[in-house]
Amino acid sequence: MTQTITRHIEPVLLARRGASIVGVVEPALCDRLAGLQAPITVDLRFEGDTEGRPLASGLLEARVESRCERCLQPMEIALAPAVHWRFLRPSDPPPAEVAPFEDVDLDGTEVDLVTLVEDELLLALPPFPRHAYACGEEGTARHFIKPQPTAEPAPGRKRPFSGLASLLGRQPGPGTDDGQESN
Ligand SMILES: [Zn+2]
């Protein structure tokens, strides 16, 4: 079950046999996918469509270490994209139907399965990863987001750090609202 998959595969042959590919891709092979925590799990089934074109369907699973966009702390992202590939040879006419298959160019007989897997996982990465819980509720940034009483004339863009200079100039210290030392 934890066998490393064959990198260069022949989709036409695999589809003709109705073959399956079950195995893993080692993180060291995936330069473009940073933060891989464990081998990628690959589970694919090959078959031919009615026109004889090779299809591959299945599931990929990977865990990627990333950074939360909200609290900037490390977080782990679980990726599990479903795969629906249709391999098209240059001689194949463009297929009329589109979904659910994603077309993969087949120049020659072999494709690089590791590259395909990596492509698919890169597409599945969330553009702005965030913890599932409300991690931004308390954090270091809270002290700096203070509403200023002096109104900004510009109605459009907020300048979040415009008040910071005056804050720092007034009080050289970390204390903003916790300096209640009056008796
Ligand atoms: Zn977070």
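Everything below is about the structure printed above this text.
Presented here is an overview of the structure given in this document. (Residues numbered from 1 in each chain as written. Predicted model: local features only at pLDDT ≥ 70, side-chain atom pairs only at ≥ 80, totals over all residues.)

## Here we look at the overall build of the protein
Here is step 1 of the chain: Across its full length, the protein carries three helices and eight strands.
Here is step 2 of the chain: Of the regular secondary structure in the protein, the N- to C-terminal order runs β-α-β-β-β-β-β-β-β-α-α.
Here is step 3 of the chain: Of all 183 residues assigned to the protein, the portion counted as buried reaches 15%. (Helix = DSSP H or I, 4+ residues; strand = E, 2+ residues; numbered from the N terminus. Buried ≥ 20, exposed ≤ 12 C-beta atoms within 10 Å, placed from the backbone.)

## Quick notes on unusual backbone geometry
Here is step 1 of the chain: The phi torsion at leucine 72 lies on the positive side, around 65°, for a residue other than glycine.
Here is step 2 of the chain: By secondary structure assignment, the location of leucine 72 is in the loop between strand E4 (54-67) and strand E5 (74-79).

## Observations concerning the nonpolar core
Here is step 1 of the chain: Counting residues in each nonpolar core, the largest one holds 23 residues, and the members touching the most others are Ile40, Val42, Leu113 and Val117.
Here is step 2 of the chain: Those elements that place two or more of their residues in this core are helix H1 (11-17), strand E3 (40-48), E4, strand E6 (82-88) and helix H2 (113-124).
Here is step 3 of the chain: The leading source of residues in this core is H2, at five residues.
Here is step 4 of the chain: Isoleucine 40 has contacts with Val24, Val25, Leu60, Glu61, Ala62, Val117 and Leu121, leaving out every residue within four places of it along the chain. (Core = buried A, V, L, I, M, F, W, Y, C linked by C-beta atoms within 7 Å. Contact = placed C-beta atoms within 7 Å.)

## Things to note about the pairing of E6
Here is step 1 of the chain: As judged from the five bridges shared by E4 and E6, these two strands associate in the antiparallel manner. From the neighbouring strand, glycine 58 faces E6, where its bridge partner is valine 83. (Pairing = 2+ DSSP bridges.)

## Regarding H2
Here is step 1 of the chain: Across its 12 residues, H2 extends 17 Å between first and last C-alpha, which sits within 8% of the 16 Å expected from 1.5 Å per residue.
Here is step 2 of the chain: Considered for burial, the residues of H2 that qualify are Leu113, Val114, Leu116, Val117, Glu118 and Leu121. (Expected span 1.5 Å × (residues − 1).)

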